Amino acid sequence: MTATTIPPRSGTAFRLAKGETLTVIDPQGEQVADLVVFNAADIHEAISSGRSLDYASKLYLTTGDLIYSNRSNVMLSIVEDTVGRHDFLLTPCSRDTFRIIYHDENPHQGCFGNLEAALAPYHIASDAIPVAFNCFMNVVIQPATGVFTVEAPLSRAGDYVRFRAEMDLIVGLTACSALQSNNYAFKPIEYRID
């Protein structure tokens, strides 16, 4: 199946059936994609960074790791990952992100706004949008202090991460809008469902 393109600084939402795989591709390199998922049968069950990181006992999830819901059910398995560095700590960028961090007077709606618009047809309210699995995002943490910096993604053109759906899902996916996350350039993201 051919890949679908998400244009720079935009997002989409779609259904993913149990057993299908979702491949998130960075076609040009150094571009982040925010990924959120919800149980298609009950949208109050959603991806949980806290539970996923807790159960994996590590901050950087990769091939073989599981992504859990707020109800401790497995939503996704990471079946293949050519990068190995993604973020599952930071919230989707938003108008407030650009106002507070970048001091923008007329801020972009960011990934949060893009997810909000894309998920609205599925009756998922903005307050229900959780911390995303930020594909390819490179957050470096200083062990002694806990201070972190957002560095350029390690992904190169064609790199990807592949997930298997462990339940029927509603997926929100973006081509991230934050300057720091994407090494100060905005590029598309591609995805494929198999």
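Treat the numbers as computed from the prediction; the structure is a model and nothing was measured.

For the structure shown, the criterion picks out 8 salt bridges. Where lysine 58 meets aspartate 65, a salt bridge forms, and the shortest distance between an N and an O atom there is 3.0 Å. Classification of lysine 58 as partly exposed rests on a relative accessible area of 36%. Under the relative-accessibility criterion, aspartate 65 is labelled buried at 12%. In this structure, arginine 162 engages glutamate 80 in a salt bridge whose closest nitrogen and oxygen atoms are separated by 2.4 Å. Note that arginine 162 is positioned in strand β11 (residues 159-165) and glutamate 80 in strand β7 (residues 74-81), a separation of 82 residues in sequence. On the basis of relative accessibility, which here comes to 30%, the residue glutamate 80 falls in the partly exposed class. Residues joined in a network through salt bridges with shared partners are Asp42, Glu45 and Arg71.

Conventions we followed
- Residues numbered from 1 in each chain as written.
- Predicted model: local features only at pLDDT ≥ 70, side-chain atom pairs only at ≥ 80, totals over all residues.
- Heavy atoms only, no water.
- Salt bridge = Lys/Arg side-chain N within 4 Å of Asp/Glu carboxyl O.
- Buried < 20%, exposed > 50% of the residue type's maximum accessible area, 1.4 Å probe, protein only.
- Helix = DSSP H or I, 4+ residues; strand = E, 2+ residues; numbered from the N terminus.

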